[in-house]
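# Fold and geometry: a report
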Amino acid sequence: MKIESKLVHSGDRKKAGDYIPVTTPIYTAASYFYDSMDQLDRVLGREAEGPCYARYDNPTTSALEELVNDLEGGHGALACSSGMAALQMGFMAALIDRPKRVVAATGMYGATTNMLNNVLAPFGIDTTYTDVCDLAALEESVKETKPGAIVMETVSNPLLRVGAIDKIAEIAKSANAALIVDNTFATPLLIRPIQLGASFSVHSATKYMSGHGDVLGGMIIADEAHYNTLRTLARTTGPNMSPFESYLTMRGIKTMGLRVERQCANACKVASWLVSHPGVEKVHFTGDPSHPDAATIARLFPNNLYGAMIAFELKGAGRAEVFRFMEKLKMIVRATSLGDVHTMVLYPAIASHRDLAPKQRQRLGIGDNLIRVSVGIEAPEDIIADLEQAFEK
Ligand SMILES: *Cc1c(COP(=O)(O)O)cnc(C)c1O
């Protein structure tokens with residue numbers, strides 16, 4: 001089946017007694033019993049499939065996990081209460097039997113950098129930051145630090161750089177390091193990291209997967225070598241997504257193909273309009289033929305989908321001018337998220353990258369005039385018209 005068909009069929013239609021629900025319902029039970037104690041014994045011993053306790057399994061969440069694993073072509077998936085919980089599980093499963101060192105891409109989601117610096121570092125896990133788009137620099141850094149894991153984003157945040165996951169996976173494999181890829185911005189429609197050699201693919205399901213701004217959730221998909229470790233850790237630590245969120249995420253994914261196709265098409269139109277606007281200093285967009293990683297994008301992305309995130313620099317603007325620009329927007333929503341059906345704007349300096357020191361932001365190229373746009377499914381004319389009136393003095 002092609003991914004467009006998997007989106008609407010995978011995971012659903014499991015037999016429940018005499019009947020089969022067409023779409024998976026919300027199971028709220030915390031525990032399950034079986035007529036036969038022998039059967040319960042087999043389920044608890046993981047010799048037979050079936051739910052027994054919600055921290056181990058939940059039928060709604062299992063359906064979502066089967067769906068997402070099918071989309072990404074992994075060995076198995078775990079649904080978590082947030083994207084950050086999924087990332088933390090990735091670090092734990094990657095490093096439990098490896099050196100407690102990480103090589104991380106520069107320019108990641110602010111909370112990920114924060115997790116490395118302020119959560120994992122106090123537990124003795126050291127991180128070295130490297131530009132993963134520079135393969136020679138990455139190889140050097142891996143040779144020097146001998147990490148247990150490499151972590152990167154398919155499309156970096158917020159400057160939208162794209163690393164060669166397949167080549168980075170080779171570097172990771174030859175150093176026996178796990179490769180963790182945050183695939184949130186790309187979605188499995190654009191990239192499937194496990195199939196390119198990554199050990200784990202992580203999503204904030206809060207974003208494109210649920211797609212409607214009503215879920216906090218995360219997904220982590222593992223390859224065959226890491227799935228059992230991930231599951232076993234999760235059975236003890238309990239990072240689980242709730243069945244309500246699992247249901248909403250699964251419902252969201254059914255239209256993810258349509259949404260993302262429309263969002264990508266809209267983003268191309270908005271980005272080319274921004275490029276020609278005199279009030280714009282620079283546009284960062286993965287569909288731009290002069291993007292610094294254009295060759296990697298052409299090699300790895302499908303040829304009609306480039307992503308729906310745009311970052312642009314307001315000419316001559318500082319914080320006050322950016323605030324005024326954003327406050328003038330009438331339809332576009334000023335909010336700290338992305339991937340929803342509606343177009344959203346975010347100011348990285350006070351939101352996703354707020355916790356970084358101003359100097360560190362400057363070093364990463366995140367200026368005080370940078371605005372990030374998550375393009376929605378509205379009529380592109382309306383998105384452009386709203387931006388246009390915000391430029392007017
Ligand atoms: C939002 C986001 C996260 C964190 O996900 P939560 O669901 O908010 O915990 C991680 N990585 C990226 C790229 C994100 O956009």
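The rules we used
Residues numbered from 1 in each chain as written. Predicted model: local features only at pLDDT ≥ 70, side-chain atom pairs only at ≥ 80, totals over all residues. Heavy atoms only, no water. Buried < 20%, exposed > 50% of the residue type's maximum accessible area, 1.4 Å probe, protein only. Helix = DSSP H or I, 4+ residues; strand = E, 2+ residues; numbered from the N terminus. Pairing = 2+ DSSP bridges. Domains from an automatic or database assignment. Contact = heavy atoms within 4.5 Å. Buried area = accessible area lost by both parts, 1.4 Å probe. Salt bridge = Lys/Arg side-chain N within 4 Å of Asp/Glu carboxyl O. Polar contact = N/O pair within 3.5 Å; in protein donor to acceptor, adjacent residues only side chain to side chain. Nonpolar A, V, L, I, M, F, W, Y, C, P; charged D, E, K, R; others polar. Axes fitted to C-alpha atoms, helices over the stretch in contact; angles between N-to-C directions.

## Focus on the pairing of strand E4 (residues 149-153)
Where burial is concerned, most of E4 is hidden: 5 out of the 5 residues are buried. Both faces of E4 are covered, namely the face carrying Ala149, Val151 and Glu153 and the face carrying Ile150 and Met152. Note that strand E2 (residues 101-105) and E4 share 3 bridges and pair parallel. Looking across to E4, one finds that valine 103 is bridged to isoleucine 150. Where E4 and strand E5 (residues 178-182) come together, 5 bridges link them in parallel fashion.

## Description of the domain arrangement of the protein chain
The accessible area lost on association of the parts is a frequent measure of interface size. Domain parsing of the protein chain yields domain 1 (3-253) and domain 2 (257-391). Using only C-alpha atoms to locate each centre, domain 1 and domain 2 end up separated by 26 Å. Across the contact, 39 residues belong to domain 1 and 40 residues belong to domain 2. Contact with domain 2 buries area across many residues of domain 1, yet Leu159, Leu190 and Tyr208 alone supply 24% of it, more than any other trio. Taken together, domain 1 and domain 2 are joined by 2 salt bridges. A salt bridge links aspartate 166 to arginine 299; its shortest N-O distance comes to 2.6 Å. At the junction of domain 1 with domain 2, the criterion picks out 12 residue pairs in polar contact (both at pLDDT 80 or more). Looking at the side of domain 1 that touches domain 2, the elements that each hand over two or more residues are helix H1 (3-9), helix H5 (110-120), helix H7 (165-174), helix H8 (187-190) and helix H10 (243-254). Here the element with the most residues in the side of domain 1 that touches domain 2 is H5; it accounts for 4 residues. In the side of domain 1 that touches domain 2, the residues fall into 20 nonpolar, 14 polar and 5 charged.

## Here we look at the sheet that holds strand E6 (residues 200-204)
Ordered by their spatial adjacency, 7 strands build an open sheet running E1-E7-E6-E5-E4-E2-E3, and the pairing between neighbours is mixed. Every other strand in the sheet has two partners, leaving strand E1 (76-80) and strand E3 (126-130) as the edge strands with one partner each. The mean angle between the axes of side-by-side strands here comes to 20 degrees, regardless of whether they run parallel or antiparallel. Judged from the 5 bridges that link them, E2 and E3 form a sheet pairing that is parallel. Opposite valine 103, over in E3, you have threonine 128 as the bridge partner. Across the sheet, helix H3 (residues 59-72) lies against E1, E6 and strand E7 (218-222), angled at about 130 degrees from E1, the strand it touches most.

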